[in-house]
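What follows is the residue order along each chain.
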Amino acid sequence: MENKKYLLATDLDGTFVGDQEALTKLLQFFKDSPDEVALVYVTGRHLTSAQTLMSEEDLPSPDMLITDVGTSIYHADGLREDPYWKARMQKDWQPERIVEIASAFPSLNKQKLPDDRRVSFTLSGDVGAVNEFKKALVDESIAHSFIFSSNRDIDVLPLGAGKGNALEYALDRYAMNGVKLLIAGDSGNDWDMLSLGHPSVIVGNAQPELLEMEPCENLFHANEKCAGGIHEAWVHFYGEHRQTVR
Ligand code: GLC
Ligand code: MG
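Here the structure is a predicted model, which means the values were calculated and not measured.

### Points about the sheet that holds strand β1 (residues 6-10)
Strand order in the open sheet made by the eight strands is β5-β4-β3-β2-β1-β10-β11-β12, with mixed pairing throughout. Strands with a single pairing partner mark the edges of an open sheet, and in this sheet they are β5 (80-81) and β12 (219-221). Where β1 and strand β2 (residues 37-42) come together, five bridges link them in parallel fashion. Note on β2: the bridge partner recorded for Ala 9 is Val 40. Packed on one face of the sheet, helix α6 (residues 163-174) meets β1, β2, β3 (64-67), β4 (72-75) and β10 (180-185) and runs near 155 degrees to β3.

Okay, here's the thing in C-alpha cells:
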C-alpha cells in the first residue's frame, strides 16, 4: 500500500457492494489504469461477517481492512490486527457499563457480536430512546463515541474510534505520502470519514442522514448508485485517464 499512488477507501454495504455490474466496471477501470489503486475497506461489519461478504461477492483482497465501525484495523498480510490501534481502543473502554445503562431502554436490542470491541444495538421503536440513551451515557461520564445510522443501528465505540479516525490513522501510517485518494460511503457510520476533507463521495443511493452534511468542495454527491457513484466521483476528481490528475 505504501507504494501505490492512488487509494480508494470505501464502505462495503450499499457503497462498494450493491450493484454488481457497476462494480465489475469500476474494477476493470482500475485494472486499465496506468497506476495501481490501493483498496481499503472500511465497514461496520465484524471481521468474519466482512470476510463472508468479501467471498460471497468475490471482492478483491484489500490492502487494509477496517472493521467494526473503525474499532479494528487489519493488515493484508494474514489479516494481522494492528496492535497500536488495538491498544488505543482498549483505553478507558467500559463495555459492561454501557450494556448496563442500555438495559433501561427496551427498544434497544443488543446486536450479537463476537466480542465487545464495540457495543451495538438495533432500534425497534421510537427514535426518542436513542437520544435518551445518548444522554444517559454522557450523564454517567462514559468515554465513548456514539454513531446512529440508517435510523436503525446504534454503535457505541471507544472514544476516538469511528471510521474517520481509524482511516486517518491508517493513512498517516501506511499510505504513500501525498497519496491521491477517494473516500466513499452511503450511511451515518460513514459521516466522519467523509468529513475528513479528502476527496469524498456520497453515492446516489445514500441514506437521507448523509444529505445533511455541510457542502464542501471535496464532497461530491454522485447521481449513480453504489460502485457506479464511486466511478463517477473518481472521474470527477481524477479524470478518465489518471495522467490528467490535477
Ligand atoms: C453494519 C454492522 C452493524 C452496525 C452497522 C452500523 O450493518 O453489521 O453491526 O451496527 O453496520 O454501523
Ligand atoms: Mg453502508
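### Let's talk about the site of ligand 1
Lining the immediate environment of ligand 1, one finds Gly 44, Arg 45, Val 69, Gln 111, Arg 118, Asp 153, Asp 155 and Asn 189. The side chain of Asn 189 places a nitrogen or oxygen atom 2.7 Å from an oxygen atom of ligand 1. When the residues that make up the shell around ligand 1 are grouped by side-chain class, the tally is one nonpolar, three polar and four charged.

### Topic: the nonpolar core
The biggest cluster of nonpolar side chains holds 32 residues, and the ones touching the most others in it are Met 1, Leu 7, Val 40, Ile 66 and Leu 167. With six residues, the single largest contributor to this core is α6. When sequence neighbours within four positions are dropped, the list of residues in contact with Val 40 reads Met 1, Leu 7, Leu 8, Ala 9, Thr 10, Met 64, Ile 66 and Leu 167. The next biggest cluster of nonpolar side chains, apart from the first, holds 30 residues, and it includes Val 37, Leu 53, Val 201 and Val 203.

### What to know about the pattern of salt bridges
Taken as a whole and judged by the stated rule, the model has 16 salt bridges. Of the charged contacts, one joins Lys 4 and Glu 36 as a salt bridge, the two residues approaching to 3.4 Å between their closest N and O atoms. In this pair, Lys 4 is assigned in the segment before β1 and Glu 36 in the loop between α1 (20-32) and β2, connecting sequence segments 32 residues apart. Accessibility expressed as a relative area gives 55% for Glu 36, which makes it exposed. The closest approach of N and O atoms between Arg 117 and Glu 81, which form a salt bridge, is 3.0 Å.

### A closer look at the sheet that holds strand β8 (residues 145-149)
The antiparallel open sheet is built from four strands, whose spatial order is β6-β7-β9-β8. For this open sheet the edge positions go to β6 (108-110) and β8, each flanked by a neighbour on one side alone. The average undirected angle you get between the axes of adjacent strands in this sheet is 25 degrees. As judged from the five bridges shared by β8 and strand β9 (residues 153-157), these two strands associate in the antiparallel manner. Of the residues in β9, the one forming a bridge with Phe 146 is Val 156.

### Brief notes about the pairing of β4
A two-sided burial pattern is seen for β4, the buried positions comprising Ser 72 and Tyr 74 on one face and Ile 73 and His 75 on the other. With four bridges joining them, β3 and β4 adopt antiparallel strand pairing. Within β4, the residue paired with Met 64 across the bridge is His 75. Where β3 folds back onto β4 in an antiparallel hairpin, the turn is made up of four residues, including Asp 68, whose phi is positive at roughly 50 degrees. In the sheet, β4 pairs with β5 via two bridges, with the strands oriented antiparallel. Among the inter-strand pairings, Tyr 74 is bridged to a residue of β5, identified as Glu 81. Hairpin connection of β4 to β5: four residues between the antiparallel strands, including Gly 78 at a positive phi of 70 degrees.

What counts, and at which threshold
- Sequence order as written defines residue numbering, which begins from 1 separately in each chain.
- Chain labels run from A onward and ligand labels from 1 onward, assigned in the order the entries are written.
- For this predicted model, a pLDDT threshold of at least 70 governs which residues receive local features, and a threshold of 80 or more governs which side-chain atom pairs are given and counted, while totals over whole chains, interfaces and linings are taken from all residues.
- Only hydrogens and water are set aside when side-chain values are computed; all heavy atoms of the structure are taken into account.
- Pairs of strands are assigned from DSSP output, requiring at least two bridges between the strands.
- Only DSSP runs of H or I reaching four residues or more are called helices, and only runs of E reaching two or more are called strands; each is numbered from the N terminus.
- In what follows, residue pairs with any heavy atoms lying within 4.5 Å of each other are defined as contacts.
- Between the N-to-C directions of two axes lies an angle of 0 to 180 degrees, each axis being a line fitted to C-alpha atoms and, for a helix, fitted only over the stretch in contact.
- Near residues are defined by distance, with any heavy atom within 4 Å of the molecule or strand qualifying the residue.
- Throughout this description, a polar contact denotes any pair of N or O atoms lying within 3.5 Å of each other; where both atoms belong to protein, one of them has to be capable of donating a hydrogen while the other can accept it, and for residues adjacent in sequence the pair is counted only when both atoms sit in side chains.
- Nonpolar residues are Ala, Val, Leu, Ile, Met, Phe, Trp, Tyr, Cys and Pro. Charged residues are Asp, Glu, Lys and Arg, and all others, Gly as well, are polar.
- For our purposes a nonpolar core is just a set of buried Ala, Val, Leu, Ile, Met, Phe, Trp, Tyr and Cys residues, chained together by side-chain atoms within 4.5 Å.
- Under the scheme applied here, a residue whose accessible area is under 20% of the maximum for its type counts as buried, over 50% as exposed, and between as partly exposed, the area being computed with a 1.4 Å probe on protein chains only.
- Whenever Lys or Arg places a side-chain nitrogen within 4 Å of a carboxyl oxygen from Asp or Glu, that contact is recorded as a salt bridge.

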